[in-house]
Protein chains: 2
Amino acid sequence: MNTVKRTQKWGTVLVPCPVALVSVGDETEVNIITISWTANVGSRPPRMGISVVPKRHSYDLLQRIGDFVINIPTTDHMDAVMICGTKSGKNIDKFGATGFTPMPSTKISSPMISECPLNIECKTWKVIEVGSHNLFIGDVVAVHIDEAVLDANGEPDLTKFAIPAYMPLVREFWAVNQFLRKWE
Amino acid sequence: MNTVKRTQKWGTVLVPCPVALVSVGDETEVNIITISWTANVGSRPPRMGISVVPKRHSYDLLQRIGDFVINIPTTDHMDAVMICGTKSGKNIDKFGATGFTPMPSTKISSPMISECPLNIECKTWKVIEVGSHNLFIGDVVAVHIDEAVLDANGEPDLTKFAIPAYMPLVREFWAVNQFLRKWE
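Presented here is a report on the structure given in the accompanying data block. From a predicted model like this one, the values you see are computed outputs, not experimental measurements.

**Some details on the interface of chain B and chain A**
Okay, so step 1: Residue-level contacts link 95 residues of chain B with 94 residues of chain A.
Okay, so step 2: Summing both partners gives a buried area of about 8,600 Å² for chain B against chain A, and 63% of it is carried by carbon and sulfur.
Okay, so step 3: Counting the surface chain B buries against chain A, the share from its top three residues, Lys 5, Trp 174 and Trp 183 of chain B, is 10%.
Okay, so step 4: Between chain B and chain A we count eight salt bridges in total.
Okay, so step 5: For Glu 155 of chain A, the salt bridge identified is with Lys 9 of chain B, shortest N-O distance 3.8 Å.
Okay, so step 6: Counting every contact that joins chain B to chain A gives 44 residue pairs in polar contact (both at pLDDT 80 or more).
Okay, so step 7: Looking at which element gives the most residues to the side of chain B that touches chain A, the answer is strand β13 (residues 172-182) of chain B, with 11 residues.
Okay, so step 8: Judged from the three bridges that link them, strand β1 (residues 5-7) of chain A and strand β11 (residues 134-146) of chain B form a sheet pairing that is antiparallel.

Here's what the structure looks like:
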């Protein structure tokens, strides 16, 4: 028997979405933006996409610098997630406002956010126009993880930190915090 | 002080990723594939991307049909998620194997999965080559939600169903099940 369905009003409802703090810049200027329109888009080579509205302050910076870091915050960083998602880098210094510490990346210009346990260095490969947003596709050139979140065997242990997700369907942040099963 | 970081071996580590059951087909052939390489890529118009390996059985079907449905399962559907992610539609009928019920979409050929509480109808707009995967970008043409997961005001209520996430960093599925805060 078919379920009773209702038509939903808006289209960007995918759940869950990642919560990425994207850092971009060089010695002269640096910014952090919260982006949930992001995904792995290829595996060999590893490539990731981030969608950005061209009028956003970071857009020109992303184009000029040609690289960016996708930093994954924990649920302890929700105030910073809100600041970087609602304030413009035109008006405030996001590292100063959040208390985050910039840390040099290994292969690109843009700095990582030290406090985020997972940092993905990306070099822009292609920019695709998709309407309101342009999609920056980047090659993943290095990935770093905090030693503090590794288990005794040196493997990442998700029980050591809770990761936030954004749920556009209801405009809420939720925690991803219950193990279900291995992919196998 | 900077955190001690370790370089991680593989590049596709984004957490969390959605778990999408993508249904595609018509009266002659239909298939379901599990895809975590998916995101909102634009808001106005709403557009979503799914990344698919060209040698996958559904690839030709996606190209021929020109539309697809992104169905979001609940944590009760993990066996189906594994079947649709590891078996090929060349060898088995995925609707039969999972026990899922196809339900006609309202604007496209591909059927929805009745048992999934959220169904997003997409019409392919563009296909981008990104290496191992090709990225299908689709216009969201309709969204449906089960009435059973709405609250008294007719709004979606995420406490009524638990949504799975895929964590590529550790190759594990986790549940998104703790409210943190509203986006505002």
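**Observations concerning the pairing of strand β6 (residues 46-52) of chain A**
Residue and element names in this part refer to chain A.
Okay, so step 1: Most of β6 is tucked away, with six of its seven residues classed as buried.
Okay, so step 2: Alignment of strand β5 (residues 38-43) against β6, held across five bridges, turns out to be antiparallel. Its bridge partner being in β6, Asn 40 is matched across the sheet by Met 48.
Okay, so step 3: Between β5 and β6, which follow one another and run antiparallel, lie two residues.
Okay, so step 4: Pairing of β6 with strand β11 (residues 134-146) involves six bridges; the strand directions are antiparallel. Its bridge partner being in β11, Gly 49 is matched across the sheet by Ile 137.

**A word on the nonpolar core**
Okay, so step 1: In terms of nonpolar packing, the biggest core is built from 90 residues, with Ile 70 of chain A together with Ile 70 of chain B touching the most fellow members.
Okay, so step 2: The leading source of residues in this core is helix α2 (residues 78-86) of chain A, at five residues.
Okay, so step 3: Not counting residues up to four positions away in its chain, the partners in contact with Ile 70 of chain A are Ala 20, Leu 21, Val 22, Thr 38, Met 48, Ile 50, Leu 118, Asn 119, Ile 120 and Cys 122 of chain A together with Leu 14 of chain B.

**Details of the relation of the copies chain B and chain A**
Okay, so step 1: Rotating chain B by 180° and moving it 0.0 Å along the rotation axis overlays it on chain A with an RMSD of 0.0 Å. In the structure described here, the two chain copies are related by an operation that fits a two-fold rotation axis. Among all residues of chain B, the minimum C-alpha distance to the rotation axis is found for Val 176 of chain B, at 2.1 Å.
Okay, so step 2: Most of the interface of chain B is mirrored in chain A: 99% of its interface residues are interface residues there too.

**Considering the side chain of Ser 105 of chain A**
Residue and element names in this part refer to chain A.
Okay, so step 1: Inspection of the secondary structure puts Ser 105 in the loop between β8 (102-103) and β9 (112-113).
Okay, so step 2: A distance of 2.6 Å separates a polar atom in the side chain of Ser 105 from the backbone oxygen of Ser 110.
Okay, so step 3: Residues in contact with Ser 105, not counting those within four places in the same chain, are Val 69, Ser 110, Pro 111, Met 112 and Glu 121.

**A few points about empty space enclosed by the protein**
Okay, so step 1: Inspection of the entire model under this criterion finds one cavity of 30 Å³ or more.
Okay, so step 2: Here the largest cavity defines a volume of roughly 70 Å³.
Okay, so step 3: Residue lining of the largest cavity: 17 residues in total, with Ala 39 and Val 41 of chain A together with Ala 39, Val 41 and Leu 135 of chain B positioned closest to the centre.
Okay, so step 4: Mapped by element, the contributors of at least two residues to the lining of the largest cavity are β5 and β6 of chain A together with β5 (38-43) and β6 (46-52) of chain B.
Okay, so step 5: Residue composition of the lining of the largest cavity, grouped by class: nine nonpolar, eight polar and no charged.

**Examining the environment of Asn 2 of chain A**
Okay, so step 1: Summarising the element assignment, Asn 2 of chain A is placed in the segment before β1.
Okay, so step 2: Between the alpha carbons of Asn 2 of chain A and Ile 70 of chain A there is a distance of 41 Å; along the sequence they are 68 residues apart.
Okay, so step 3: Excluding its chain neighbours within four sequence positions, the residues that come into contact with Asn 2 of chain A are Thr 101, Pro 102, Met 103, Pro 104 and Ser 114 of chain B.

Criteria and cut-off values
- Residues numbered from 1 in each chain as written.
- Chains lettered and ligands numbered in written order.
- Predicted model: local features only at pLDDT ≥ 70, side-chain atom pairs only at ≥ 80, totals over all residues.
- Heavy atoms only, no water.
- Contact = heavy atoms within 4.5 Å.
- Buried area = accessible area lost by both parts, 1.4 Å probe.
- Salt bridge = Lys/Arg side-chain N within 4 Å of Asp/Glu carboxyl O.
- Polar contact = N/O pair within 3.5 Å; in protein donor to acceptor, adjacent residues only side chain to side chain.
- Helix = DSSP H or I, 4+ residues; strand = E, 2+ residues; numbered from the N terminus.
- Pairing = 2+ DSSP bridges.
- Buried < 20%, exposed > 50% of the residue type's maximum accessible area, 1.4 Å probe, protein only.
- Core = buried A, V, L, I, M, F, W, Y, C linked by side-chain atoms within 4.5 Å.
- Least-squares fit on C-alpha atoms with pLDDT ≥ 70 in both.
- 1 Å grid on protein atoms, 1.4 Å probe; cavity = no way out; pocket = protein on both sides within 12 Å on 5 of 7 lines; lining within 4 Å.
- Points joined across faces, edges and corners; volume = space filled by probe spheres on them.
- Nonpolar A, V, L, I, M, F, W, Y, C, P; charged D, E, K, R; others polar.

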